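The primary structure of each chain is shown beneath.
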Amino acid sequence: MNILVLNGSPRKNGNVAKTLRRQLEKLTASVAAGTDSNEGGCQVIWEDVCDLSFDFCKGCMACRSKSDCVMQLDDAHKIACEIKNCDMIFVGTPVYWGNMNGKLKSLFDRLVGVMMAESKMGIPRPIHKGKKAVIVTSCTTPFPFNYICGQSIGAVRAVKEILKSSGFKVVRKVNISNTKRRGL
């Protein structure tokens, strides 16, 4: 099983990264124990999105017909290749104003052509059917206000929309709240 981890947090050892690692450990343990249906173990590619170098999407829409971004080669193309080859994706992000980290959003903007196709009528068609996804969020807002005020739920909704439109089935969502109070 090829697993791609997109750590959208600028903190490489922060709450999001630590939770992504814990979720990854749970999955790899279940694969090793044979409780997961995947044979042959896991190959993990970890990407810290904040370390990637890529330009913003220009909105040219050429990726829709070419199935790939036509901009100059950069790290977004590398991630596109990793997404094509993964069986499962873990996406983690801190919550910023009820949404995902801006650099993660900019990366997803550049990946439209490899995430979904379009019918002749312009209806989005998912490319990654059958692949699984895990979403991890972290915010300072205390529970239950992280949900009531739309913080955690907003970030999850945004990431889930991208993944589901691409065909990924979200199998787990982990929301960490009140991180400021907990000292996390």
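Going by the structure above, here's the rest.
Computed from a predicted model, the values in this text were never measured in an experiment. (Residues numbered from 1 in each chain as written. Predicted model: local features only at pLDDT ≥ 70, side-chain atom pairs only at ≥ 80, totals over all residues. Heavy atoms only, no water.)

### Some thoughts on a positive patch on the surface
Alright, step 1. Where like charges cluster on the molecular surface, the positive patch consists of Lys18, Arg21, Arg22, Lys26 and Arg172.
Alright, step 2. Per-element tally for the positive patch: the top contributor is helix 1 (residues 15-32), with four residues.
Alright, step 3. Residue placement: arginine 22 occurs in helix 1. (Patch = residues over 30% accessible without salt bridge, like charges linked within 9 Å, V, L, I, M, F, W, Y side chains within 5 Å. Areas by Shrake-Rupley, 256 points an atom, 1.4 Å probe, with all protein chains shown as cover. Salt bridge = Lys/Arg side-chain N within 4 Å of Asp/Glu carboxyl O. Lys, Arg positive; Asp, Glu negative; His and termini not counted. Charge placed at Lys NZ, Arg CZ, Asp CG, Glu CD. Helix = DSSP H or I, 4+ residues; strand = E, 2+ residues; numbered from the N terminus.)

### A short note on the side chain of serine 138
Alright, step 1. Tracing the sequence through the fold places serine 138 in strand 6 (residues 132-138).
Alright, step 2. Contacts of serine 138, omitting those with residues within four sequence positions, involve Asn15, Val16, Thr93, Pro94, Val95, Ile176 and Thr179. (Contact = heavy atoms within 4.5 Å.)

### Thoughts on the packing of aromatic side chains
For any pair of aromatic rings, the description rests on two quantities: the centre-to-centre distance and the angle between the ring planes.
Alright, step 1. Under the definition given, this model contains one aromatic pair.
Alright, step 2. Geometrically, the ring pair formed by phenylalanine 143 and tyrosine 147 is edge-to-face, given 5.9 Å between the ring centres and 85 degrees between the ring planes.
Alright, step 3. According to the relative accessible area criterion, phenylalanine 143 is exposed, its value standing at 56%.
Alright, step 4. Overall, the relative accessible area of 34% leaves tyrosine 147 in the partly exposed class.
Alright, step 5. Residue placement shows arginine 21 over the ring face of tryptophan 46; its charged tip is 4.9 Å from the ring centre. (Phe/Tyr/Trp six-rings, centres within 6.5 Å; stacked < 30°, edge-to-face > 60°. Buried < 20%, exposed > 50% of the residue type's maximum accessible area, 1.4 Å probe, protein only. Lys NZ or Arg CZ within 6 Å of the ring centre and 35° of its normal.)

### What to know about the environment of glycine 59
Alright, step 1. Tracing the backbone shows glycine 59 in the loop between strand 2 (43-48) and helix 2 (62-66).
Alright, step 2. Separated by 103 residues in the primary sequence, glycine 59 and isoleucine 162 place their C-alpha atoms 17 Å from one another.

### Observations concerning helix 3 (residues 75-85)
Alright, step 1. Every buried residue of helix 3 is listed here: Ala76, His77, Ile79, Ala80, Glu82 and Ile83.
Alright, step 2. Elements that come into contact with the buried residues of helix 3 comprise strand 1 (2-7), strand 2, strand 3 (88-94), helix 4 (102-110) and helix 5 (112-115).

So, to be careful, I would describe these as geometric facts and stop short of saying anything about function.
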